[in-house]
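An overview of the molecular structure
Residues per chain are reported as follows:
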Amino acid sequence: MLKAPGRPHHPDTVRRLSAPQPLRVEADAYGTPRRVHHRGLWRVVMQVHDRYRTDDRWWTEEPISREYFELLLEDGRPLTIYYDRLGSRWQAH
Amino acid sequence: MRLACVFVPRFPLAVERLAARGGGAHSGAGAAGAGQPAIVYSRTQVVEASPELTEAWPGRSLRHARALYPDALYIPEDAARYREAAAVMLRALECIAPEVEPAGLGCAYLDLRGLERHYAGADDLARTIVRAVREETGLLASVGIASGKFAARIAALLADPGAASVVHTGRERRFLRDVSVGLLPFDPEIAQRLHALAIHTLGDVAGLPRTAVEAQFRGIGGRMWELANGIDGDPLIARRTAEAITERLSFESPVVTSEALIMAARQVVRRLAMRLERRAARKMHAQVLAEGRLVWERLETFRDATSDEARMMTLLKTRLSALQLTEAVDTIAVTLSEITREPARQSKLITETNPQLERLLESVHEIRARFGGPMVWRAVEVDPCSRHPEDRTILIPYDA
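Not measured: the values here are computed from a predicted model. (Residues numbered from 1 in each chain as written. Chains lettered and ligands numbered in written order. Predicted model: local features only at pLDDT ≥ 70, side-chain atom pairs only at ≥ 80, totals over all residues. Heavy atoms only, no water.)

1. Topic: the pairing of strand β6 (residues 107-111) of chain B
Residue and element names in this part refer to chain B.
- β6 sits mainly inside the fold: 5 of its 5 residues count as buried.
- The two faces of β6 match: Cys107, Tyr109 and Asp111 on one face and Ala108 and Leu110 on the other face are all buried.
- Looking at chain direction, strand β1 (residues 3-7) and β6 are connected through 5 bridges and run antiparallel. If you follow Val6 over to β6, its bridge partner there is Ala108.
- In terms of strand pairing, strand β5 (residues 100-102) meets β6 through 3 bridges, oriented antiparallel. (Buried < 20%, exposed > 50% of the residue type's maximum accessible area, 1.4 Å probe, protein only. Helix = DSSP H or I, 4+ residues; strand = E, 2+ residues; numbered from the N terminus. Pairing = 2+ DSSP bridges.)

2. Regarding the sheet that holds strand β8 (residues 89-92) of chain A
Residue and element names in this part refer to chain A.
- If you walk across this open sheet you meet the 7 strands as β2-β8-β7-β6-β5-β4-β3, and the pairing is antiparallel. A strand with exactly one partner marks an edge of an open sheet, and here the two such strands are β2 (21-22) and β3 (24-27).
- Examined bridge by bridge, strand β4 (residues 33-38) and strand β5 (residues 41-56) share 4 bridges and lie antiparallel to one another. Across the sheet, residue His38 finds its bridge partner in β5, namely Leu41.

3. With respect to the confidence of the model for chain B
- Per-residue pLDDT for chain B averages 86, and the proportion of residues at 70 or more is 93%.
- The low-confidence segment residues 24-31 of chain B (pLDDT under 50) makes 21 contacts with residues lying over four places distant or belonging to another chain. (pLDDT = per-residue confidence, 0-100. Contact = heavy atoms within 4.5 Å.)

4. With respect to the pattern of salt bridges
- The full count for this structure, using the stated rule, is 32 salt bridges over all chains.
- For the salt bridge of Arg43 of chain A with Asp75 of chain A, the shortest nitrogen-to-oxygen distance reads 3.1 Å. Taken together, the positions of Arg43 of chain A in strand β5 and Asp75 of chain A in the loop between β6 (64-73) and β7 (78-84) put the pair 32 residues apart, joining distant regions of the chain.
- A relative accessible area of 35% places Asp75 of chain A in the partly exposed class.
- Taking the shortest distance from any N to any O, the salt bridge between Asp111 of chain B and Arg113 of chain B comes out at 2.7 Å.
- A relative accessible area of 7% places Asp111 of chain B in the buried class. (Salt bridge = Lys/Arg side-chain N within 4 Å of Asp/Glu carboxyl O.)

In structure tokens:
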């Protein structure tokens, strides 16, 4: 599936599980998340488990270029987020 | 009988021009610029060409056309789009007259009996038809009204796009007098023979004794003479509007994988099977759309009428698996038609039922009825190994 446009949700449509949602992130000079605004609160990132980049569908009109981070937050929750390099925004799954 | 012929000149080109402008019900990719002469082509032949390209007639080889008009705009034929535009046009016409006969792409006949008294006159009715076609398709049609199909068609052909021509009853012969014999609905060789005999207009044909025309042209001679004299008993055969049931499902976000389409198709077919209610369908028409525009379609005819969900799905799955999407799509629609009584079949002596599942389904239906939409969803894996988590699983309404 491609982008998550801001179209109103029709009640009888096929939906995505884990659709990306916008997220506020504070990152350091290297682009690594330090704090994320998750469930109404700013939470400190305790650990970055993994970091990888995906470039996909560059042959279509809607290419994807993302930098993924698998995080462990201060409250013990894991969280997968990515930086959309084309849209210059942070998103969370 | 009064009838109208509705005609969109150079239909494939008109649809492409409209798409290029991004207008009508078929806005989409297109390259037909407004002023540049254009040729719509299939693999090896010209399908349609701008009027100024006089040597590029439909059916002429594409190689010749390219040699003659290297600077023309060449547009590949999009038959599915033309059929869709023609279907929209027919539906618009059926809102005006209940009896409509399709006569090729961009042409149709309407039975006007009983309609004229609802309008200020034939001209008013013709304007209504032009407006309806324009509003629904964005295309500019011309309308001919006469007492027979042939005279109505000629009137529509001679009218300017967007205009109407009315042939009053009893004036057909006079109207057709100066029309070229090339417009007779026969092979071009017949027109060539007529010209060789110095018979150039329908007036020339009408002035001959019927027996002389019949002697020269055998079987079609009598018909030719009648048409030239404004005698046309060709009946209007309205298209059957057989019952058809359609279900469609849209994706919240466009998809490019056939796996997601197959999952959605499964749900659509399940709903259709429920709506059949002890009946069976002979034909299944599947369509995949992007922003309302047709991207792919397939018409399947079953060997015998079926209501078997698994059988429909097996066929659909095969077709969708082979589908290679070149763009993101957002809707799948399936229509069952030629619906008949279910053929007799040996049923099982002992049927298996699952009371728990039945109770669950009942509850789901109750919740759906109460909240006006699906509230329970089924998670289905479509691409579990995708690098993008949102592509791995989709949620389908759990309603069947």
